[in-house]
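Here is how the chains run, residue by residue.
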Amino acid sequence: MDIKQLKYLIALDETQHFGQAAAMCHITQPTLSMRIRNLEEELQLTLINRGQRFEGFTDAGERILAWARSVLAAHDGLQAEAANCRGQLVGNLRFGMVPLASLDPMTLLKPLTQHYPALRYQLFSMASEQVVDALKRNQLDLGLCYLDQLDTRQFEVFELQPTRMGLLHDSRYFSFVESEMAWESLDKIPLGLLTQGMHYRRSIDLSFHSHAIEPHIQLESDSTFQLLQAVNAGLCCTIMPLNGGMEAMNEHLRMIPISNAKVHSRIGLLIRSSEPRSVLAERCFAKAKTIFAADSLATA
């Protein structure tokens, strides 16, 4: 058994396709299949359900896959620890966050890059439950998610400031004179909103309900990108986090704060409290707390 076999197994889980997993690992598909069969023979287990194509992992395969992730994380942690002993911080920071959080991730990654120029990043947009599960499985190093019903005994948590909201619009299609919008002034504006049931949307719906407003919902989507496309096309306006960096994405976008508008659910930055936990994750978590604390003081 070697570390590459475990990487091939994890790549297959991520892609659910032999050819795509082989391409991800920069090898041929026959090589990937052969190396995984070698692993099965060594373990004396069938790990994969095979037909004409990949049909998922067996029960034993799922259990071995969980160990493979832990072994690979420990291997990466060992490499990071060795680099740390040499005075370096290298590796790949896996960061999952809920869509439309009160954080432009670049406000974190840019200063991290300045301090640790050898770092690489993988960003994932995920629901809170997925962030928590991926942290538990050591598939993420850091997570940003809502803290409702979170068992904090399994994590170190740095709670962020509440997410404040504003009206994002394209100045080519909409013009507003207000420096701050009241909820009541939004009732006739065509809006694009996240799909019902998502944390961010629930807070918006609660605010409309508390002000007895029936909003004009032009579009719903579970994709932030599609909402931005709709705003850019002049189809609607949308309600976005004030500090999400959305208005900087093109010269025509404008953001107007909405009075007394914030997401009701608490949100925080998480790192798993149990091993394996890499030096890379610990150093980035500590640095992130410093960055967010400074931002909170600056906006206070």
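What counts and what doesn't
- Residues numbered from 1 in each chain as written.
- Predicted model: local features only at pLDDT ≥ 70, side-chain atom pairs only at ≥ 80, totals over all residues.
- Heavy atoms only, no water.
- Pairing = 2+ DSSP bridges.
- Helix = DSSP H or I, 4+ residues; strand = E, 2+ residues; numbered from the N terminus.
- Axes fitted to C-alpha atoms, helices over the stretch in contact; angles between N-to-C directions.
- Buried < 20%, exposed > 50% of the residue type's maximum accessible area, 1.4 Å probe, protein only.
- Parallel < 35°, antiparallel > 145°, perpendicular 65-115°, else oblique.
- Left-handed = near helix turned anticlockwise from the far one by under 90°.
- Contact = heavy atoms within 4.5 Å.
- Nonpolar A, V, L, I, M, F, W, Y, C, P; charged D, E, K, R; others polar.
- Arc of directions from axis to C-beta.
- Polar contact = N/O pair within 3.5 Å; in protein donor to acceptor, adjacent residues only side chain to side chain.
- Salt bridge = Lys/Arg side-chain N within 4 Å of Asp/Glu carboxyl O.
- UniProt positions renumbered as here; feature names shortened; annotations may be inferred.

Undergrad: Outline the sheet that holds strand S5 (residues 142-146), supporting the account with residue identities and numerical values.
TA: With mixed pairing, five strands are arranged side by side in an open sheet as S4-S3-S5-S12-S6. The sheet is open, and its two borders are formed by strand S4 (119-125) and strand S6 (155-159), each paired with just one other strand. Strand-to-strand twist across the sheet, computed as the mean angle between neighbouring axes with direction ignored, equals 20 degrees. The pairing of S6 with strand S12 (residues 267-272) spans five bridges and is antiparallel. Looking across to S12, one finds that Glu 159 is bridged to Gly 268.

Undergrad: Outline the pairing of strand S10 (residues 237-241), supporting the account with residue identities and numerical values.
TA: In terms of burial, S10 is largely enclosed, as five of its five residues are buried. Note: strand S7 (residues 164-170) against S10, four bridges, orientation antiparallel. Along S10, the bridge assignment pairs Gly 166 with Met 240. With two bridges connecting them, strand S8 (residues 190-194) and S10 associate as parallel partners. By the bridge assignment for S10, Gly 192 is matched with Thr 238.

Undergrad: Please set out the packing of helix H1 (residues 3-15) against helix H3 (residues 29-43) residue by residue, giving values where relevant.
TA: Two numbers describe how H1 lies on H3: the axes approach to 9 Å, and their chain directions differ by 110 degrees. One way to sum up the angle between H1 and H3 is to call them roughly perpendicular. In terms of crossing hand, the pair formed by H1 and H3 is left-handed. Where H1 approaches H3, its residues Gln 5, Leu 6, Tyr 8, Leu 9 and Leu 12 are matched on the opposing element by Leu 32, Arg 35, Ile 36, Asn 38 and Leu 39. A class-by-class count of the residues in the contact of H1 with H3 yields seven nonpolar, two polar and one charged.

Undergrad: Describe in detail helix H8 (residues 224-232), supporting the description with residues and values.
TA: The α-helix winds at 3.6 residues per turn, so residues separated by three or four positions along the chain end up facing the same way. Residues of H8 that are buried: Thr 224, Leu 227, Leu 228, Ala 230 and Val 231. What you see down the axis of H8 is that its buried residues fit within an arc of 160 degrees, all on one side. For H8, the secondary structure elements touched by its buried residues are S7, S8, strand S9 (216-221), S10 and strand S11 (253-262). Its side-chain oxygen 3.3 Å from the backbone nitrogen of Phe 225, Ser 223 forms the N-cap of H8. Positive backbone phi, at 80 degrees, marks Gly 234, one or two positions downstream of H8.

Undergrad: Report on the sheet that holds S9, specifying residues and quantitative values.
TA: In sheet architecture, strand pairing relies on hydrogen bonds along the backbone and comes in two forms, parallel and antiparallel. In space, the five strands of this open sheet follow the order S9-S8-S10-S7-S11, with mixed pairing throughout. Each edge of the sheet is formed by a strand with only one pairing partner; in this case those strands are S9 and S11. Averaged over all pairs of adjacent strands, the angle between strand axes in this sheet comes to 35 degrees, irrespective of strand direction.

Undergrad: Give me the lowdown on the pattern of salt bridges, citing residues and values where you can.
TA: Going through the model one piece at a time under the given rule, you end up with 10 salt bridges. Close ionic contact of Glu 159 with Arg 266 constitutes a salt bridge, the shortest N to O distance being 3.1 Å. One end of the pair, Glu 159, is in strand S6; the other, Arg 266, is in the loop between S11 and S12, and 107 residues separate them in sequence. A salt bridge links Arg 201 to Asp 205; its shortest N-O distance comes to 2.8 Å. Residue Arg 201 and its partner Asp 205 are located together in helix H7 (residues 199-210), separated by four residues, close to a single helical turn. With a relative accessible area of 1%, Arg 201 lands in the buried category. Owing to a relative accessible area of 26%, Asp 205 belongs among the partly exposed residues under this scheme.

Undergrad: Explain the environment of Arg 254 to me, and be specific about the residues and the numbers.
TA: The residue Arg 254 is located in strand S11 in this model. In this structure, the C-alpha to C-alpha distance between Arg 254 and Leu 167, residues 87 residues apart in sequence, is 8.1 Å. If near-sequence neighbours (up to four positions away) are discounted, Arg 254 is found in contact with Leu 167, Leu 168, His 169, Ser 171 and Glu 247. A polar atom in the side chain of Arg 254 sits 2.6 Å from the backbone oxygen of Glu 251.

Undergrad: Pulling in residues and values, what's your account of the UniProt feature "domain: HTH lysR-type" (unreviewed entry) in the protein?
TA: Mapped onto this numbering, the UniProt entry annotates "domain: HTH lysR-type" (unreviewed entry) at residues 1-58. Annotated as residues 1-58, this span is 60% helix and 12% strand, and its ends, taken at the C-alpha atoms, are 19 Å apart.

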